[in-house]
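# What the coordinates show
Listed here are the chains, written in short residue letters.
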Amino acid sequence: MSDSSGKGSLKSTMAVSLTNFLDSGCIVAGASGLTLWTHEFGLSSFEVGLLGALSANAFGSAIGALIGGHLSDKYGRKVIYTYDMIIYLLGALIVTFSVNFPMLLAGFIVTGVAVGAGVPASWTYISETSEDTDRARNIGISQFAWSMGPALIFTLGVLFAPLGLMGNRILFAILAVVAFIAWSLQRNLKESKDWEEQKAKEKLSGEKPHPYKELFSNAINIKSLLFLIGVYMFWNLVAGAMGFFMPYVYETAGGLTNLQANLLQAVLWIFTALATYFGFAKYGDKANHRIFFFVGAAMAAASWIILTFAGMNWTSLWLFVIIWGVSAGIGAQAWYALWATELFPTKYRAGSQGVMFFVVRASAGVWSIIFPTILTTMGFKAAGTFMIVLLLISLVIGTIWTPHTQGKSLEEISKERYGTTDGSPEDSDDSTSGQEV
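Rules behind the numbers
Residues numbered from 1 in each chain as written. Predicted model: local features only at pLDDT ≥ 70, side-chain atom pairs only at ≥ 80, totals over all residues. Heavy atoms only, no water. Helix = DSSP H or I, 4+ residues; strand = E, 2+ residues; numbered from the N terminus. Rg over C-alpha atoms; globule rule 2.2 N^0.38 Å. Buried < 20%, exposed > 50% of the residue type's maximum accessible area, 1.4 Å probe, protein only. Contact = heavy atoms within 4.5 Å. Areas by Shrake-Rupley, 256 points an atom, 1.4 Å probe, with all protein chains shown as cover. Lys, Arg positive; Asp, Glu negative; His and termini not counted. Charge placed at Lys NZ, Arg CZ, Asp CG, Glu CD. Salt bridge = Lys/Arg side-chain N within 4 Å of Asp/Glu carboxyl O. Axes fitted to C-alpha atoms, helices over the stretch in contact; angles between N-to-C directions. Parallel < 35°, antiparallel > 145°, perpendicular 65-115°, else oblique. Left-handed = near helix turned anticlockwise from the far one by under 90°. Nonpolar A, V, L, I, M, F, W, Y, C, P; charged D, E, K, R; others polar. Core = buried A, V, L, I, M, F, W, Y, C linked by side-chain atoms within 4.5 Å. Phe/Tyr/Trp six-rings, centres within 6.5 Å; stacked < 30°, edge-to-face > 60°. Patch = residues over 30% accessible without salt bridge, like charges linked within 9 Å, V, L, I, M, F, W, Y side chains within 5 Å.

Looking at an unreviewed UniProt entry, one finds the chain named MFS transporter and attributed to Companilactobacillus keshanensis.

In structure tokens form, the structure reads like this:
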């Protein structure tokens, strides 16, 4: 049940959503300055790969999510907001003032772990403090913040380009300032009442939930984990590679200049932000979820089909930027963020997201090593075909097994799925084990 009025819920959503802005912002800031840092410190290809693999785009956030999700369930959502942004601020400042590769790598790792720890807690908190009819709206607002990160950072990157490496240092300094603002707002948030009620129930009954035993021993949970990882991971393999390598693809396969590539990405993310706010946030609580998801997933696949087989001319590039941009705003990540908070009970709602986020971002780390090799050895058409297949897999999984959660409270969803509002296995009705995810 929601613990906030609509106005209060929106205010807390906006404060928590800064975590999503800082997640995508540091990924893009790191990617945009990679060539500059490589030249400054004389980095090897292995060291460049290490920066990408241990950053917020991959293993750094994967490890952070695994830790943060568990801590959020055990000690409360608020504990993450009390400390997490301070850790992010420290990481951003380390990058800003880096004088050698070890210092730069440390900054990338610290910011990556911080955003990873914050994401499961932020989506969980937003869902638990939303009304039953505005969960998608509030999740959509958090996704809007996530898409504004790249839009603003790419734009600032273009403006700061004449400053060279100093321009990238300034970007991370700006992220540090935003992190301080986020910490100032988030540390004053009230704890989620759903979490407080769950802990009170555990204290009364003497129950001490194992962090992952119930999650992995229940057939309903396993189905939900596989479904959500299937929807999000295959889409994110494409989106993650785009976030780190797309300017490189534009320049090498399309012959664009660095300025043209960054401007295209800035426009793409502006379309994503607009589609998130005026699409998912506005209609996610009203429209049919299966149809809505299918439209976004189909647009994502169509955009890559155009780019892969129509050739990289300006017509196909602009079609790609517009169609992918809109699809990303109403597509898999927004639906994953919503469904992941709905399909699990309060006691391990954040922890389950931590596990899934770990798998998704870790797989992105592996793919970030494989994708450039495919692009170099097999060519762009082969790499694009791989992307299309991944997107189609996500489309099929999400469309066939769309959950029926629209307009229901989190308690009602848990009752339907487990037979109890808290998902306790000892009281769960076995007849629910075969239901749709």
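Attention now goes to the overall build of the chain. A count of helices and strands for the chain gives 18 helices and 0 strands. Relative to a compact globule of 437 residues, whose C-alpha radius of gyration would be 22 Å, the chain shows 21 Å and is just as compact. Projected onto the principal axes, the alpha-carbon positions of the chain cover approximately 60 × 45 × 35 Å. Within the chain, the proportion of its 437 residues that are buried is 58%. Long-range pairs, those at least 24 residues apart, make up 82% of the contacts in the chain between residues at least 6 apart in sequence. Element-wise, carbon and sulfur atoms account for 70% of the exposed surface of the chain, whose accessible area totals about 16,700 Å². Seen as two clouds, the 27 positive and the 29 negative side-chain charges of the chain have centres 3 Å apart.

With that out of the way, let us pick up the pattern of salt bridges. Using the criterion set out here, one finds 10 salt bridges in the structure. The closest approach of N and O atoms between Glu-128 and Arg-349, which form a salt bridge, is 2.7 Å. Taken as a pair, Glu-128 in helix α6 (residues 101-128) and Arg-349 in helix α16 (residues 349-378) lie far apart in primary sequence, 221 residues in all. Note on accessibility: Glu-128 and Arg-349 belong to one class, buried. The partner of Glu-202 in a salt bridge is Lys-199, with the nearest N and O atoms 3.1 Å apart. Of this pair, Glu-202 and Lys-199 both sit in helix α9 (residues 193-205), 3 residues apart, which is roughly one turn of the helix.

The next thing to look at is the side chain of Thr-272. For Thr-272, the location among the structural elements is in helix α12 (residues 258-283). Residue contacts for Thr-272: discarding those within four places in its chain leaves Ser-147, Gly-325, Ala-328 and Gly-329.

Another aspect to go through is the packing of helix α4 (residues 59-75) against α6. Between two packed helices, what matters for the description is the angle formed by their axes and the separation of those axes. Running from amino to carboxyl end, α4 crosses α6 at an angle of 45 degrees, the nearest separation of the two axes being 6 Å. Here α4 is positioned oblique relative to α6, judged by the angle of their axes. Read as a crossing pair, α4 and α6 show a hand that is right-handed. For the pair α4 and α6, contact is made by Gly-60, Ser-61, Gly-64, Ala-65, Gly-68, Gly-69 and Ser-72 and by Gly-112, Val-113, Val-115, Gly-116, Ala-117, Pro-120 and Ala-121, respectively. Of the residues contributing to the contact of α4 with α6, the split by class is 6 nonpolar, 8 polar and no charged.

On to the nonpolar core, then. Nonpolar side chains in soluble globular proteins tend to end up buried together. In this structure, Tyr-88, Tyr-250, Trp-304, Phe-320 and Trp-324 are the most contacted members of the largest nonpolar core, which totals 122 residues. The residues contacting Tyr-88, other than those within four sequence positions of it, are Leu-22, Cys-26, Thr-111, Ala-114, Val-115, Leu-175 and Ala-179.

Once that is clear, we can look at the packing of aromatic side chains. Taken as a whole and assessed by the stated rule, the structure comprises 25 aromatic pairs. Here the aromatic rings of Phe-227 and Trp-339 are separated by 5.6 Å at their centres, their planes lie at 40 degrees, and the arrangement is tilted. With a gap of 112 residues between them, Phe-227 in helix α11 (residues 219-254) and Trp-339 in helix α15 (residues 332-342) connect regions that are remote in the sequence. With centroids separated by 6.4 Å and ring planes inclined at 55 degrees, the aromatic side chains of Trp-367 and Phe-386 adopt a geometry described as tilted. In this pair, Trp-367 is assigned in helix α16 and Phe-386 in helix α17 (residues 380-400), connecting sequence segments 19 residues apart. With relative accessibility at 11%, the residue Trp-367 sits in the buried group. Assessed through its relative accessible area of 37%, Phe-386 is described here as partly exposed.

Turning our eyes to something else, we now look at the packing of helix α5 (residues 77-96) against helix α8 (residues 165-186). Where α5 meets α8, the axes come as close as 8 Å, and the angle between the chain directions of the two elements is 165 degrees. Classified by the angle between their axes, α5 and α8 sit roughly antiparallel to one another. Between α5 and α8 lies a crossing whose hand is left-handed. Contact residues: Lys-78, Tyr-81, Thr-82, Met-85, Ile-86, Tyr-88, Leu-89, Ala-92, Leu-93, Val-95 and Thr-96 in α5; Arg-169, Phe-172, Ala-173, Leu-175, Ala-176, Ala-179, Phe-180, Ala-182, Trp-183 and Gln-186 in α8.

Examined against the element boundaries, Leu-268 turns out to sit in helix α12. Spatially, the C-alpha atoms of Leu-268 and Ile-322 are 6.3 Å apart, while their sequence positions differ by 54 residues. Excluding residues within four positions of it along the chain, Leu-268 makes contact with Met-242, Tyr-250, Phe-320, Val-321, Trp-324 and Gly-325.

As a further point, take a nonpolar patch on the surface. Among the surface-exposed residues, Ile-63, Leu-66, Ile-67, Leu-71, Tyr-75 and Phe-358 lie close enough to one another that they form a single nonpolar patch of about 490 Å² accessible area. Ranked by the residues each element gives to the nonpolar patch, the list is headed by α4, at 5 residues. Within the secondary structure, Phe-358 is located in helix α16. Since its relative accessible area comes to 30%, Phe-358 is described here as partly exposed.

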